[in-house]
Amino acid sequence: MRIGFGYDVHKLVEDRPLILGGINIPFEKGLLGHSDADVLIHVIMDALLGAAGLGDIGKHFPDTELEFKDISSMVLLKKVKELIDNNGYRVNNIDATIVAQKPKLASYIPLMVENISKTIHIEETRINIKATTTEGLGFAGQGQGIAGYAVCTLKEVRE
């Protein structure tokens, strides 16, 4: 069993869509980034890559490459899943937390879980996503950005 951890943060800005877990969430601001800035998918990818000992998303999808400009993070997650598979692992489970004061995210979580499940081909019961606030403290609490954390486990595939 291998364990990986991911952390990421993106700034909230006007004139960008807010995409989390592959879902476009109605909100007056979105996340700034080279890709679609889906902080939830970014932390999951980093956790998966870390568990497999394959570096991080910056190594595989650098923000200096135009091919990744505005790309859907769900497309990148699919590529990470292929890397995991090609290195002899399968995803056992994912546990992630989104840290945002606003908007309220609870109603979107089932769709996020469904998207991730379909993309990396694991049962929805192996994916847990939570959302929390910081009670108004720090950059997330003041509405300046959204952060995320994820932990995952991988199992080695024995042939």
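Just above sits the structure.
Everything quoted here is computed from the prediction, not taken from an experiment.

Draft legend 1. Seen up close, the sheet that holds strand β1 (residues 2-13). With respect to topology, 5 strands assemble into an open sheet ordered β4-β1-β7-β5-β6, the strand pairing being mixed. Across the chains shown, the open sheet's two edge strands, defined by having one partner strand only, are β4 (30-31) and β6 (127-132). With 10 bridges connecting them, strand β5 (residues 89-99) and strand β7 (residues 145-156) associate as antiparallel partners. In the strand pairing of β7, Val 99 is matched with Ala 147. The sheet strands contacting helix α1 (residues 39-51) are β1, β4, β5, β6 and β7, and the helix crosses β1 at an angle near 155°.

Draft legend 2. View of the environment of Ile 44. Tracing the chain through its elements places Ile 44 in helix α1. Of the residues examined, Ile 44 reaches a relative accessible area of 1% and is grouped as buried. Along the sequence, Ile 44 and Tyr 149 sit 105 residues apart, while their C-alpha atoms lie 7.9 Å from each other. Excluding anything up to four places from it in sequence, Ile 44 contacts Leu 77, Ile 94, Ala 96, Ile 116 and Ala 150.

Draft legend 3. Quick peek at the packing of α1 against helix α3 (residues 73-86). Taken N-terminus to C-terminus, the directions of α1 and α3 make an angle of 10°; their axes are 10 Å apart at the nearest point. Put simply, α1 runs roughly parallel to α3. For the pair α1 and α3, contact is made by Ile 41, His 42, Ile 44, Met 45, Leu 48 and Leu 49 and by Ser 73, Met 74, Leu 76, Leu 77, Val 80, Leu 83 and Ile 84, respectively. By residue class, the composition of the contact of α1 with α3 is 11 nonpolar, 2 polar and no charged.

Draft legend 4. Seen up close, the pairing of β6. The pairing of β5 with β6 spans 6 bridges and is parallel. Along β6, the bridge assignment pairs Ala 96 with Ile 129. With helix α4 (residues 109-120) bridging β5 and the parallel β6, this β-α-β connection has right-handed handedness.

Draft legend 5. Structural view of the side chain of Asn 92. Note that Asn 92 resides in strand β5. Within the local environment of Asn 92, its side chain forms a polar contact with the side chain of Arg 126, the two groups lying 2.8 Å apart. Filtering out sequence-adjacent residues up to four positions away, Asn 92 remains in contact with Met 1, Arg 126, Thr 153, Leu 154 and Lys 155.

Draft legend 6. Representation of the pairing of β1 within the structure. Across 10 bridges, the pairing between β1 and β7 is antiparallel. The residue of β7 that forms the bridge with His 10 is Ile 146.

Draft legend 7. Fine view of the pattern of salt bridges. On inspection of all chains with the given rule, the structure shows 6 salt bridges. Across the pair Arg 16 and Asp 70 runs a salt bridge whose closest N-O atoms are separated by 3.5 Å. Of the two residues, Arg 16 is situated in the loop between β1 and β2 (18-20) and Asp 70 in the loop between α2 (57-60) and α3; the sequence distance between them amounts to 54 residues. Given a relative accessible area of 19%, Arg 16 falls into the buried group. A salt bridge links Lys 81 to Asp 85; the shortest N-O distance between them is 2.8 Å. Here Asp 85 and Lys 81 lie together in helix α3, a separation of 4 residues that amounts to about one turn. Exposure remark for Lys 81: the relative accessible area of 12% places this residue in the buried category. Look at the salt bridges and you will find they share partners, linking Arg 16, Lys 69 and Asp 70 into a network.

Criteria and cut-off values
Think of each chain on its own: its residues are numbered from 1, step by step along the sequence as written. Residues qualify for local features only when their pLDDT is at least 70, as the model is predicted, and side-chain atom pairs are given and counted only at 80 or more; totals for whole chains, interfaces and linings, by contrast, use all residues. In computing side-chain properties, one takes all heavy atoms of the structure into account and sets aside hydrogens as well as water. The criterion for strand pairing is that DSSP finds at least two bridges linking the strands in question. Strands here are runs of E lasting at least two residues and helices are runs of H or I lasting at least four, both read from the DSSP assignment and numbered beginning at the N terminus. Contacts: residue pairs with any heavy atoms within 4.5 Å of one another. The axes are straight lines fitted to the C-alpha atoms, using for helices just the contacting stretch, and the angles between their N-to-C directions are given from 0 to 180°. Residue burial is assigned from relative accessible area. The probe radius is 1.4 Å, only protein chains are included, and a residue is buried under 20% of its type maximum, exposed over 50%, and partly exposed in between. The labels follow the angle: roughly parallel below 35 degrees, roughly antiparallel above 145, roughly perpendicular from 65 to 115, and oblique for the rest. Residues are sorted three ways: Asp, Glu, Lys and Arg are charged, Ala, Val, Leu, Ile, Met, Phe, Trp, Tyr, Cys and Pro are nonpolar, and all the rest, Gly among them, are polar. Seen with its strands pointing away from the viewer, a crossover is right-handed when the path leading from the first strand over the helix to the second is clockwise. Side-chain atoms alone can form a polar contact between residues adjacent in sequence; in general such a contact is a pair of N or O atoms within 3.5 Å, and within protein one must be able to donate a hydrogen while the other accepts it. When a carboxyl oxygen of Asp or Glu is within 4 Å of a side-chain nitrogen of Lys or Arg, the pair counts as a salt bridge.

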